[in-house]
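# Observations on the model geometry
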Amino acid sequence: MGRYQRHHQWRKGEKHTEDDEESQTFLMEFANSGYYKRTSPKLLYLLFLSFLSCSFILAPHLFCTNTTFSLLYSTTVENEGLAAEMDVNVPLCSSISNGTICCDRSSIRSDICVMKGDVRTHSASSSIFLYRSKDGSSLKNYVAGVVEEGETEELEHEKVKPYTRKWEKSVMDTIDELQLIAKKDTLGMYHQCDVQHDVPAVFFSTGGYTGNVYHEFNDGIMPLYITSQHFNKKVIFVMLDYHNWWITKYGDILSQLSDYPPIDFSGDKRTHCFPEVTVGLRIHDELTVDSSLMEGNMGIVDFRNLLDRAYWPRIRSLIQDEEREAQEKLSASLTSESPLEIKNEVQEDQGRKPKLVVISRNGSRAITNENLLVKMAEEIGFEVNVLRPNPTTELAKIYRALNASDVMIGVHGAAMTHFLFMKPGSVFIQVVPLGTVWAAEEYYGEPARKLGLKYIGYQILTRESSLYDKYDKDDPVLRDPKSVTKMGWEYTKKIYLDGQTVRLDLGRFRKRLVRAYVYMFHRLNKHPHLQSQ
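This section reports on the structure supplied with the text. (Residues numbered from 1 in each chain as written. Predicted model: local features only at pLDDT ≥ 70, side-chain atom pairs only at ≥ 80, totals over all residues. Heavy atoms only, no water.)

## Some thoughts on the overall build of the protein
Of regular secondary structure, the protein possesses 17 helices and 15 strands. In the protein, which comprises 533 residues, the share counted as buried stands at 46%. Carbon and sulfur atoms make up 52% of the accessible area of the protein, which amounts to about 27700 Å² in all. (Helix = DSSP H or I, 4+ residues; strand = E, 2+ residues; numbered from the N terminus. Buried < 20%, exposed > 50% of the residue type's maximum accessible area, 1.4 Å probe, protein only. Areas by Shrake-Rupley, 256 points an atom, 1.4 Å probe, with all protein chains shown as cover.)

Structural data, given as structure tokens:
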């Protein structure tokens, strides 16, 4: 994950301020000219009024030329969509006319293009076509395939790589590029579509850093939510770099965003026709949803509620299986108490203790005295669960464990993405190894606060790092990690991410743990209904 410069967005009112300053400058020059000296005050007053009248009439033409808009859009936007797009809370290209292609390339993170009208795919050429009739309007009949040369006139041509790390050339080079082409029919010879859809489509790539849970959520799932939630599930997802395992892993979430099965763009050779297509995904920031940029002010908590709806059917099934197995064991054992009485007694006892989950790592950035950490947490009063997720672990099981916990502890890394599974009001303690301070705060600390978690960052001392025994005490690796990370991602990864483990100073760490325990103990006692089910 590389650093990048933030894109400077226009703030509402800035353009008006600049226009006012330009007008004031013009008037001052006009007033100081020789013409002013030779003109009577009355005539000057009349000229001034005329100037103001002309300004109101001509202002749209002076300040809203096609040249100006070409800097904001990659293609012309119809006038009826401009008013909505000038609102800072409405994304560019959110409203376009039939037969139009609109591209928003203003973000440093991703390009978004929208096509509306008679849109159809041709996977063999990695193209999406928008056809217009001779008068410029979109065709009434859908057509299939690529029209032979000479049958159409190309009007517009855009290229888009639908992945959300636009600034990172190395990964974008691995993403398939789509050709978006608008053509005007000249012969009127059409073929029927193989599949005709009556709902819009969203095209995106599941390539790139897929396989890393942070990138799968940050660059894929959350941007997909941001881009598609306003369709209210009446949308079809078309995927480039399609992976069956990705569908299996995130199928529960996809079912909450779309009522339709996803399409493998490269694997499905049929021509699909849509009334509207969005190519690319919008992304706001690291692991978050900016409600001010969303229709209906939907935010990060709404996204988490979607995860709740996605995973609870599977969780209920797991609970039923466990209860069935428990009752079978109880029925086979000799006891004077009924299974219901025993179950209620256990639940009541467990409910008195705040629940803590430790996200365990093996190899790099592992906590080497994890067993002592668990023992200390139990002595403080926590009910402790050590979770060891791997790429094949079912997300519903991870969600269940964290959704039912009050405190989560883990060392900085991709697995910290699972803080999204915690309930707002819970505690997230992130152990921050050497050389990861900026990334820990940027990627997980600040997003956790936005979700409503109580975030505690535990920045280790040099003596708590395995690097303390590998390098001289005056080496920049220990003394000035910032100077090393500035040398490039490869140094950060090799030294601080892949080459470091942590041995916690338990006396020092205990203070954070006690703070979390006291916070959750009082919270659970004050609000008993907040205890996990």
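## A look at the pairing of strand S15 (residues 454-459)
Relative to S15, strand S14 (residues 427-432) runs parallel, the two being bridged by 6 bridges. Directly across from Val427, in S15, lies its bridge partner Lys454. Viewed along the sheet, the connection from S14 through helix H13 (residues 437-451) into S15 turns out right-handed. (Pairing = 2+ DSSP bridges. Right-handed = clockwise from strand over helix to strand, strands pointing away.)

## A closer look at unusual backbone geometry
The phi torsion at Asn232 lies on the positive side, around 55°, for a residue other than glycine. Looking at the secondary structure, you find Asn232 in the loop between helix H7 (213-228) and strand S8 (236-240). Take Asn232: its relative accessible area is 59%, and that puts it in the exposed class. Here Asp241, not a glycine, exhibits a phi torsion of approximately 55°, which is positive. Residue position: Asp241 is located in the loop between S8 and helix H8 (244-257).

## A word on the nonpolar core
Of all hydrophobic cores here, the largest spans 57 residues; its most connected members are Phe217, Ile253, Phe303, Phe419, Leu420 and Phe421. Here this core gets 8 residues from one element, more than from any other, and that element is H7. With 35 residues, the next largest nonpolar core counts Ala377, Leu434, Val502 and Ala516 among its residues. (Core = buried A, V, L, I, M, F, W, Y, C linked by side-chain atoms within 4.5 Å.)

## Notes on the packing of aromatic side chains
If you walk through the whole model with that rule in mind, you get 20 aromatic pairs. Between the aromatic rings of Trp246 and Tyr250, the centroid separation amounts to 5.3 Å while the plane-to-plane angle is 50°, which identifies the pairing as tilted. Here Trp246 pairs with Tyr250, and both are found in helix H8, just 4 residues apart, close to one helical turn. Like Trp246, the residue Tyr250 is buried in the burial classification. Each ring, one from Tyr517 and one from Phe521, has its centre 5.9 Å from the other, and the planes form 20°; the classification is stacked. Of this pair, Tyr517 and Phe521 are both found in helix H17 (residues 506-526), 4 residues apart, which corresponds to roughly one turn of the helix. Ring pairs connect the aromatic residues Phe204, Phe217, Phe237, Trp246, Tyr250, Tyr311, Tyr399 and Phe421, which therefore count as one cluster. Over the face of the ring belonging to Tyr519 we find Lys454, whose NZ or CZ atom lies 5.2 Å from the ring centre. (Phe/Tyr/Trp six-rings, centres within 6.5 Å; stacked < 30°, edge-to-face > 60°. Lys NZ or Arg CZ within 6 Å of the ring centre and 35° of its normal.)

## Concerning the pattern of salt bridges
Pairs may arise between side chains of opposite charge once their charged atoms sit close together. All told, the structure shown has 23 salt bridges when counted by the stated rule. Residue Glu286 is joined to Arg109 by a salt bridge in which the shortest nitrogen-to-oxygen separation is 3.1 Å. One end of the pair, Glu286, is in the loop between strand S10 (272-279) and helix H9 (300-332); the other, Arg109, is in the loop between strand S1 (100-104) and strand S2 (112-122), with 177 residues separating them in the sequence. With respect to burial, Glu286 and Arg109 carry one shared label: buried. (Salt bridge = Lys/Arg side-chain N within 4 Å of Asp/Glu carboxyl O.)

## Some details on helix H16 (residues 489-497)
Among the residues of H16, Thr492, Ile495, Tyr496 and Leu497 are the ones counted as buried. When H16 is viewed along its axis, its buried side chains cluster within an angular range of 155° and face the same direction. In H16, the exposed residues that point more than 90 degrees away from the buried face are Glu490 and Lys494. (Arc of directions from axis to C-beta.)

## A short note on the sheet that holds strand S13 (residues 407-411)
The 5 strands lie next to each other as S12-S11-S13-S14-S15, forming an open sheet whose pairing is parallel. Of all strands in the sheet, those bounded by a partner on one side alone are strand S12 (383-387) and S15. Neighbour-to-neighbour, the strand axes of the sheet open up by a mean angle of 20°, direction not taken into account. Pairing analysis gives 5 bridges linking S13 to S14, with the strands arranged parallel. Each residue of the ladder has a partner; that of Val411, found in S14, is Val431. (Axes fitted to C-alpha atoms, helices over the stretch in contact; angles between N-to-C directions.)

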